[in-house]
Amino acid sequence: MSLTASKPIIRRLPPETVNRIAAGEVVERPASVVKELAENALDAGATRIDIAAEGGGLVRLVIEDDGKGMSEAELALCIERHATSKLPVGEDGRDDLLNIGTMGFRGEALPSIGSIARLSITSQARGEGDAFTIGVEGGQTHGTAPAAPLGRGGTRIEVRDLFYATPARLKFLKSERSENQAITDVVKRLAMSRPDVGFHLTLDGRKRFGVAAERGDEAEAGKARMSAMLGADFGDNALEVDQEREGVRVHGFASLPTFSRGSAQHQYLFVNGRPVRDKLLHGAIRGAYQDFLARDRHPVVALNVDLPTHLVDVNVHPAKAEVRFRDAGLVRGLIVGSLRHALAAAGHRASTTVAGFALGRVRPEGAPPPGQPYQSAAHHVAAWGRPPAPAEPVQGQVFDPGMSARLEPDAPWSPPHASEPGFEVAEHQAQAAAPSPDWPLGVARAQLHETYVVAQTRDGIVIVDQHAAHERLVYERMKKMIAETGVQRQQLLVPEIVDLDEAEARRILERAEELEELGLVVEAFGPGAVAVRETPALLKRLDVQGLIRDLADDLAETDQALSLKEKLEDVVGTMACHGSVRSGRRLTGDEMNALLREMEATPHSGQCNHGRPTYVELKLADIERLFGRR
C-alpha cells in the first residue's frame, strides 16, 4: 500500500507547530524579540523602557517598562495566539484593519516567542497593589501565580534560551557581536521615533546607552534625541524639516550635503511613529539630494511621516517593516519638496565638521604632542643652553610672490563690471556698499596660490576654493535657465524602438509628460514596446536602449526618473566646470568680493556639485587655541 493511500494528503497542524511556523515569520533573530516587546511597551503607554541582553540575546533578554500593566485575567489571555487589545472596532462592529494607530495589532508576538524559548511575564496593573506572573516554555503554558509587586504599574518580560526548541535556527544566526549590534540598532530606531520615552540598553552587564525622556517643544526634543543617538555633529549640521500637504506631514531633520556618509544605513524613516525601511521613501531622499551629492554619498536623515491611519496600510509585512500608501505620489513629492526647501533655506551654509577636520590636521611648528602643555622659549634656552638656530632656507627654493595676491585693507572697493569674464554681478549687488566683516563670508583679504581666496569675518577667517565655488554658482545659473526655458530636444531621424515587458512599458508611458519636460519624448509602439522620438539635446551620444531600461528600473524601485535627471545634471555639471573660474587664475580684489557676495546670495553654494565643501570657516577662538592663546 502506498504512503499516500494510507495517510491523508492534507492534515491539520497542531498548535505547537503553528506557533513555531509563526515564530519563524515574527522572530527572525534576538533583535526581533526586542522590537516586538519594546513596541508592546510603547503601546502600553510606557515613559521608560529598560532593555538588557546577554549572549547576543540568545542566553537572556529582559524588557521592563512602566506602562499600564495587565490584570491577572489579561495576563492569562495575552499568551494566546491572536489575542490583542489593539485592534479598533468599526461602526459595523467588526475589527477595523484599516485604522491601526498602535505599533502592534496581530497578537502573535508573545505566543510565538513562548513557543521557541522560555518566557516569563510579570505584570502589575497601574493603580493596583498586586502583581502576577505567568510562564511559557516551548509552547507549554504554566498558570498565573502571585508575584512580588513591581512597586508601580508596568510589565517585566524575561526571555531565556531563545530558539532552544528550534535548534536548527541557531545555525543561521550571526556572531554574538553582530546580534548585539542588531539589538542596538533596533533600540536606537525606536528611541529616535519616540523622544518622549526614555530608553536604556545594557549588553552583557555593560550599559550601551541611555537617554531620558525629552520634554518641551517637539522640534527641540526631537533634535536633542537625534543628537544623542547620532552624535553632536549631526545636531550641529542638521536642517529642520517640517512641511504639510493634504493632511500628510513630513517633519524631522536632514543633514547638510557636506555632512554625508558612504551608505544609506544612516537614514531613519518613521511612518506614524513606526520605524520602516521603505524603497519609496529612500528613493525620495535620493531624489532630493541628487543635485548635491555624488552617487556614492548619502545624507544622514531622520524623517517622520504622519498621516491619517486610513491612508496607510501597515499590514503588508510579517515584521511590519514596510508600509503601503494610498497616495504614494503625494508622500514622495512631499518628502522631496520638504527636503529641497530645507536645503534651499540653508543658503551657503556648510558642515562644521569640515572646519573641525581642518583644525584637527593642523599642529603648529614645534608644538608638543596632544595632552602636553606648551613650554616657553625661555624653558628651551635653559634646557639647551642656547636658543634654537633659525632654519636655513632650502637651496634653490625661492618664494614666488606671483603665486599670491594681497588686498590692502584700506583699498577702496567697487563691484566688478559685467564685462569682466567669469563674474556676473546682479544689479542690487553692484549698488551695494563697500563690504565689511559683517558679511557672512566676510571681506576678501588675499588670494593664495591663485586658487584660494582668504576672507576676514567678524570673528574668524574664511578660505574659499575659487574653482569649486564658482562652478557651483555657474551650475545654479544654468539650472535656473533650463527651468525657465525648458530642456532643448533633438529629433531622431529614425525613432528608436525599445522592447520591454508590458509592466515596464506601462510605467514609462504613464510618466511620458514628465519625461517630455526632461527632453525625452516617448510613445507606445505595440504591446511591451515604446518608441523614442526625441532626446535631450544636451546628451549628444546617448544609449537610448540603456537609458529607457534604466528609467524603467528607476520607476519600479523609486517611482522617479532618476537616470535621466542624473545624466542631464552630469552634463550640466561638466559644462559648469568648464565655464567657471579655474584654479591658477589670479583674481582682483573686486572679483574676490563679488565671488563672496554671490555665494551668499546663491542657495547651495556651500558645496560643489559632488557634495564637497566650497569653503572652510575657522573661528578666531579656534585659531587662538592652535597658538596656545586659549
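Here, every reference points to the structure presented above.
Residues numbered from 1 in each chain as written. Predicted model: local features only at pLDDT ≥ 70, side-chain atom pairs only at ≥ 80, totals over all residues. Heavy atoms only, no water.

Undergrad: I'd like a description of the overall build of the protein, backed by residues and values.
TA: In terms of helices and strands, the protein carries 20 helices and 25 strands. Within the protein, the proportion of its 630 residues that are buried is 45%. The contacts in the protein between residues at least 6 apart in sequence include a share of 71% that link residues at least 24 apart. Split by element, the accessible area of the protein, about 32700 Å² in all, is 52% carbon and sulfur. (Helix = DSSP H or I, 4+ residues; strand = E, 2+ residues; numbered from the N terminus. Buried < 20%, exposed > 50% of the residue type's maximum accessible area, 1.4 Å probe, protein only. Contact = heavy atoms within 4.5 Å. Areas by Shrake-Rupley, 256 points an atom, 1.4 Å probe, with all protein chains shown as cover.)

Undergrad: Which residues make up the packing of aromatic side chains, and what values go with them?
TA: If you walk through the whole model with that rule in mind, you get 1 aromatic pair. Considering the side-chain rings of Phe234 and Phe259, the 6.5 Å spacing of their centres and the 55 degrees angle between planes classify their relative orientation as tilted. Within this pair, whereas Phe234 is found in helix H8 (residues 232–236), its partner Phe259 is found in the loop between strand S10 (248–255) and strand S11 (260–261), the two being separated by 25 residues in sequence. An identical accessibility class is assigned to Phe234 and Phe259; each is buried. For the cation-ring pair, Arg118 lies above Tyr164, with the distance from its terminal atom to the ring centre recorded as 4.0 Å. (Phe/Tyr/Trp six-rings, centres within 6.5 Å; stacked < 30°, edge-to-face > 60°. Lys NZ or Arg CZ within 6 Å of the ring centre and 35° of its normal.)

Undergrad: Summarise the sheet that holds strand S24 (residues 529–536); cite the residues concerned and give the values.
TA: Taken together, the 3 strands give an open sheet; going across it, the order is S22-S24-S23, and neighbouring strands pair in antiparallel fashion. Two strands close off the open sheet at either side, each with one partner strand: strand S22 (489–499) and strand S23 (521–524). Here the average twist between neighbouring strands, direction ignored, is 20 degrees. In this structure, S22 lies alongside S24, joined through 7 bridges in antiparallel fashion. (Pairing = 2+ DSSP bridges. Axes fitted to C-alpha atoms, helices over the stretch in contact; angles between N-to-C directions.)

Undergrad: Give a description of the sheet that holds strand S12 (residues 267–271) that names residues and reports values.
TA: Read from one edge to the other, the open sheet built from 5 strands follows the order S9-S10-S15-S12-S13, with strand pairing classed as mixed. The open sheet has two edge strands, strand S9 (238–245) and strand S13 (274–276), and neither has a second partner. The sheet shows a mean angle of 20 degrees between the axes of neighbouring strands, taken without regard to direction. Helix H6 (residues 176–193) rests against S12 and S13 of the sheet, and its axis sits at about 55 degrees to S12. The strands that helix H10 (residues 328–345) touches are S9, S10 and strand S15 (301–306); relative to S9, the one it contacts most, it runs at about 140 degrees.

Undergrad: Describe the packing of helix H3 (residues 30–43) against helix H5 (residues 109–116), naming the residues involved and giving the relevant values.
TA: Direction vectors running N to C along H3 and H5 enclose 140 degrees, while the axes themselves pass 10 Å from each other. Taken as a pair, H3 and H5 cross one another with a handedness that is left-handed. Side by side, H3 and H5 meet where Val33, Glu36, Leu37 and Asn40 of the first sit next to Ala109, Leu110 and Ile113 of the second. Residue composition of the contact of H3 with H5, by class: 5 nonpolar, 1 polar and 1 charged. (Left-handed = near helix turned anticlockwise from the far one by under 90°. Nonpolar A, V, L, I, M, F, W, Y, C, P; charged D, E, K, R; others polar.)

Undergrad: So what's going on with the pattern of salt bridges? Residues and values would help.
TA: Should their charged atoms come close, side chains of opposite charge can pair. Considering all chains together, one arrives at 27 salt bridges under this definition. One salt bridge in this structure joins Arg249 and Glu218, with 3.0 Å as the shortest N-O distance. Taken together, the residues span a long stretch of sequence, with Arg249 in strand S10 and Glu218 in helix H7 (residues 218–230) at a distance of 31 residues. By sharing partners, the salt bridges in this structure join Glu54, Arg60, Glu64, Arg152, Arg156, Glu158 and Arg160 into a single network. (Salt bridge = Lys/Arg side-chain N within 4 Å of Asp/Glu carboxyl O.)

Undergrad: Summarise a negative patch on the surface; cite the residues concerned and give the values.
TA: Taken together, the side chains of Asp543, Asp550, Asp553 and Glu557 make up a negatively charged region of the molecular surface. Locating Asp543 in the fold gives a position in the loop between S24 and helix H17 (544–557). (Patch = residues over 30% accessible without salt bridge, like charges linked within 9 Å, V, L, I, M, F, W, Y side chains within 5 Å. Lys, Arg positive; Asp, Glu negative; His and termini not counted. Charge placed at Lys NZ, Arg CZ, Asp CG, Glu CD.)

Undergrad: I'd like a description of the packing of helix H9 (residues 279–289) against H10, backed by residues and values.
TA: Across the interface, H9 lies against H10 with an axial gap of 9 Å and an inter-helix angle of 35 degrees. The two elements H9 and H10 meet at a crossing, and its hand is right-handed. Listed contacts from H10 to Leu280, Leu281, Ala284, Ile285, Gly287, Ala288 and Tyr289 of H9 are Ala328, Val331, Arg332, Ile335, Val336, Leu339, Arg340 and Leu343. Partitioning the contact of H9 with H10 into residue classes produces 12 nonpolar, 1 polar and 2 charged.

Undergrad: For the side chain of Thr535, give the residues involved together with the corresponding values.
TA: If you trace the backbone, Thr535 turns up in strand S24. Leaving out residues up to four positions away in the same chain, Thr535 has contacts with Gln488, Arg489, Gln490, Leu492, Gly519, Leu520, Leu542 and Val544.

Undergrad: A description of the pairing of strand S2 (residues 60–65) should follow, citing residues and the corresponding values.
TA: The buried count for S2 comes to 5 of 6 residues, which makes it a mostly enclosed element. Where S2 and strand S6 (residues 154–160) come together, 6 bridges link them in antiparallel fashion. Each residue of the ladder has a partner; that of Leu61, found in S6, is Val159.

Undergrad: Lay out the nonpolar core in plain terms, naming residues and giving numbers.
TA: One recurring pattern in soluble globular proteins is that nonpolar side chains are buried together. Counting residues in each nonpolar core, the largest one holds 58 residues, and the members touching the most others are Ile49, Ile121, Val159 and Phe199. Ignoring any residue separated from it by four or fewer positions in sequence, one finds Phe199 in contact with Leu42, Ile49, Val187, Leu190, Ala191, Arg194, Phe209, Gly210, Val211 and Arg225. Core analysis: the next-biggest nonpolar cluster, separate from the first, contains 36 residues, Leu256, Leu281, Leu307 and Leu343 among them. (Core = buried A, V, L, I, M, F, W, Y, C linked by side-chain atoms within 4.5 Å.)

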